[in-house]
Amino acid sequence: MNHIKNIVVNILYLIQGMYVTILNFFRKKLTEQYPENRGKVFPYSRFRGTLVMFHNWKNQHRCTACGICQLNCPNGTIKIITKNELSEITGSCKRVLDKYIYDVGSCTFCSICTTNCPQNAITWETGFEHAIFNRSRLYKKLNKENSSLIKNGKI
Amino acid sequence: MFHFSIVLNCVDKFLHVYFTDSCVLFIDFFLVGIFILVFYAVLALVLIYLERKICAFFQCRLGPMRVGPFGIFQPVADMIKILLKEVIKINGVDVFLFRLAIYLVIIASMCTFGAIPFDRGLHVIDFNMGVFYFLSISSIGVVGILLAGWASNNKYTIIGAMRSGAQLISYELSCGLSLMIIVILSGSLKLSVIVEQQFYVWNIFRGGIPTIIAFIVYLISGHAETNRGPFDLPEAESELTAGYHTEYSGIQFGFFYLAEYLNMFIVAAIASTLFLGGWMPLHIIGWDLFNEIMDHIPPIIWLFSKIFVCIFLALWVRWTMPRLRIDQLLKLEWKILMPISLVNILFMFFWMMYL
């Protein structure tokens, strides 16, 4: 009798399992058809795709070229090249950012640079298409041409 | 209703005008052979596509989507790939048996394929012992699998083949016993007679509870005979690399693959022929207009939709259950399915006599 009871109970369990799988059959599919849905916006704002430097409409950024990100980077990904610029107001020389060079090829996207930046000059964006044909193009210059430091910390 | 043998007779008469009798017989055989081979290959492609799509849907994926619209040419691409692959020569292999195994497997499934009635009069041969023919010829495939495992000179293949032998031979029993229910019910072994009898009520409803039990038992044991789903011990890829066809490559492996898919189709076809009315449309006693409308749908579509339902059930089970252990597998057969189908036959006798 116990044998028959076992069979009946197990059949019920199997039916329960089949119910779960048929629910999955009719569920919305999760596959992303990548090149076709290129314009689709993914709602992952925290996703670390590309490192960018924020520029406002006057072509001004917030990087003071302090070099903390360069020191903190575990892979030597970031290289900051500075220049000395003569200030018109005070008449003294001041160190400003010339080139902010970032190597995607050696970046591990650990985000130590962005968390340590005192000015919040660099942030992450969600773009993830880094594939290019030439290795030298992996070195990116993050600051734009003729950009300057934001005056008074205002955006 | 349209009878397919009219067309066949027309072709036969047309050939008789130009050729002698023996020559006509030869041409007939040739045409039938070509028809079966082409149909077999095309059906395998369709089945591979269906299986990949359904499996993907069960796992919340989309399946093949790149080759052609919705990936419908994916199996064609796969087939071309497998035809172009090298057939590797392996040292220490019994070459004759190694090659013979493939043909045994594929001939077994192809012979079974020929006896399925696809339409009114559309079958290669209509034996007066068709059910026995199905059972006997489909068990030749076991010999092929055992030979493949033995001849490969590899421990994984021999373990896979031995498991397969134990599984197929034991599941043959409950498979045959559940088909005997239908033989008792219809009083005939001839497939065309069995199908004609289901004009008003399909066998699964005509025989009441015993046939429903037999149908379920047949689905389980037939599913086990195709070596797939929870019963895929012979080719359990996590334990034995690929079971009995580990050493096969290229088109040799392709034949095993083809036979596996077609066996799935054949089991579903037998289930739908014997239990679900074969190519017979759905008729309800008294509803004459409804019956008339149903007759206008071609019988071949009816058969294929029934087969599709059975295949879908098999895949559904496959993606629900985890793989069984070999002792669980044999316990399921000898302690559960066998007694149930034996008792079921007695039950069927009483059902036939008193109800």
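My aim in this report is to walk through the structure given alongside it, one point at a time. Note that the structure is a prediction, hence the values are computed from the model and not measured.

1. Side note on the overall build of chain B
Within chain B one finds 14 helices and zero strands. The order of helices and strands in chain B, counted from the N terminus, is α-α-α-α-α-α-α-α-α-α-α-α-α-α. Projected onto the principal axes, the alpha-carbon positions of chain B cover approximately 65 × 60 × 45 Å. Here chain B, with 355 residues, has 50% of them falling under the buried criterion. Relative to all contacts within chain B whose residues are 6 or more apart in sequence, the contacts with residues 24 or more apart total 79%. Accessible surface computed for chain B: about 17000 Å², of which carbon and sulfur atoms make up 74%. With 21 positive and 23 negative side-chain charges, chain B shows a separation of 9 Å between the mean positions of the two kinds.

2. Side note on the nonpolar core
All names here are of chain B. Membership of the largest hydrophobic core comes to 84 residues, with the highest contact counts inside it found for F113, F265, L274 and F275. Looking at which element gives the most residues to this core, the answer is helix α11 (residues 250-274), with 13 residues. Among residues more than four places away in sequence, those in contact with F265 are L43, L47, F113, F118, F304, I307 and I311.

3. Digging into the interface of chain A and chain B
Accessible area lost on assembly of the parts is the figure often given for the size of an interface. On the chain B side, the residues contacting the 18 residues of chain A number 16 residues. Buried surface at the junction of chain A and chain B, summed over both partners, amounts to about 1600 Å²; 73% is from carbon and sulfur atoms. Broken down residue by residue, the surface that chain A buries against chain B is led by M18, F25 and K29 of chain A, which jointly contribute 37%. At the junction of chain A with chain B, the criterion picks out one salt bridge.

4. Comments concerning the packing of α11 of chain B against helix α13 (residues 299-318) of chain B
Residues and elements named next belong to chain B. Interaxial distance between α11 and α13 falls to 8 Å at its minimum, and their mutual angle equals 115°. For α11 against α13, the interelement crossing comes out right-handed. Each of M264, F265, A268, A269, A271, S272 and T273 in α11 lies in contact with α13, whose residues at this interface are L303, F304, K306, I307, C310 and I311. Its residues assigned to classes, the contact of α11 with α13 shows ten nonpolar, two polar and one charged.

Rules used in this analysis
Residues numbered from 1 in each chain as written. Chains lettered and ligands numbered in written order. Predicted model: local features only at pLDDT ≥ 70, side-chain atom pairs only at ≥ 80, totals over all residues. Heavy atoms only, no water. Helix = DSSP H or I, 4+ residues; strand = E, 2+ residues; numbered from the N terminus. Buried < 20%, exposed > 50% of the residue type's maximum accessible area, 1.4 Å probe, protein only. Contact = heavy atoms within 4.5 Å. Areas by Shrake-Rupley, 256 points an atom, 1.4 Å probe, with all protein chains shown as cover. Lys, Arg positive; Asp, Glu negative; His and termini not counted. Charge placed at Lys NZ, Arg CZ, Asp CG, Glu CD. Core = buried A, V, L, I, M, F, W, Y, C linked by side-chain atoms within 4.5 Å. Buried area = accessible area lost by both parts, 1.4 Å probe. Salt bridge = Lys/Arg side-chain N within 4 Å of Asp/Glu carboxyl O. Axes fitted to C-alpha atoms, helices over the stretch in contact; angles between N-to-C directions. Left-handed = near helix turned anticlockwise from the far one by under 90°. Nonpolar A, V, L, I, M, F, W, Y, C, P; charged D, E, K, R; others polar.

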